[in-house]
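# Structure at a glance
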Amino acid sequence: QVQLVESGGGLVQPGGSLRLSCAASGSRFNINVMEWYRQPPGKERELVARIRSDGSTTHADSVKGRFTISRDNAKTTVYLQMNSLKPEDTAVYYCLVNVAAPPYGMNYWGKGTLVTVSS
């Protein structure tokens, strides 16, 4: 069973920065993909950024140039550096980790961390 511990959320003023972290532990299998999602109030959950096992990344158009996904050398902690935050970035942010559990892999979700962008 994989455990995910998220941290770094909070209240920040527009234009400010936050860094989210998600530490994964307990996996017997290699991690394929680590992702950040967010769910704004009253809206559906959406993909924010993805980092693959080879280190390649993808960012949603809405956050390109402002957010950056990265991971540690052990490839068990994923980060989301969020700069130039806007009120519309307010959401609960979730990390997702996909591990190479046979036969098709398995997804694990964090519990979420709230980011509020407000003056």
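These numbers were taken from a predicted model, which means no experiment stands behind them.

## Section: the pattern of salt bridges
Per the stated rule, a full pass over the model turns up five salt bridges. A salt bridge links Glu35 to Arg50, with the shortest nitrogen-to-oxygen separation between them at 2.5 Å. Taken together, the positions of Glu35 in strand S4 (residues 31–39) and Arg50 in strand S5 (residues 46–52) put the pair 15 residues apart, joining distant regions of the chain. The class of Arg50 is partly exposed, set by a relative accessible area of 22%. The partner of Asp89 in a salt bridge is Arg38, and the shortest N-O contact between them spans 2.9 Å. Of this pair, Asp89 sits in the loop between strand S8 (77–82) and strand S9 (91–99) while Arg38 sits in strand S4, and the two are 51 residues apart along the sequence. Take Asp89 and Arg38: they sit in the same class, and that class is buried.

## Things to note about unusual backbone geometry
Cis rather than trans, the peptide bond between Pro102 and Pro103 has omega equal to 0°. Located in the positive-phi region is Lys75, a residue other than glycine, with phi close to 60°. In this structure, Ser84 takes a positive phi of about 50° despite not being glycine. As for its position among the elements, Ser84 is in the loop between S8 and S9.

## Some details on the state of the cysteines
Scanning the model with the defined rule gives one disulfide in all. A sulfur-sulfur separation of 1.9 Å characterises the disulfide bridge that pairs Cys22 with Cys95. With the S-S dihedral at roughly 45°, the linkage between Cys22 and Cys95 falls on the right-handed side. Here Cys95 lies in strand S9 and Cys22 lies in strand S3 (residues 18–25), a separation of 73 residues in the sequence. The class of Cys22 is buried, set by a relative accessible area of 0%.

Parameters at a glance
Residues numbered from 1 in each chain as written. Predicted model: local features only at pLDDT ≥ 70, side-chain atom pairs only at ≥ 80, totals over all residues. Heavy atoms only, no water. Salt bridge = Lys/Arg side-chain N within 4 Å of Asp/Glu carboxyl O. Helix = DSSP H or I, 4+ residues; strand = E, 2+ residues; numbered from the N terminus. Buried < 20%, exposed > 50% of the residue type's maximum accessible area, 1.4 Å probe, protein only. Disulfide = S-S within 2.5 Å.

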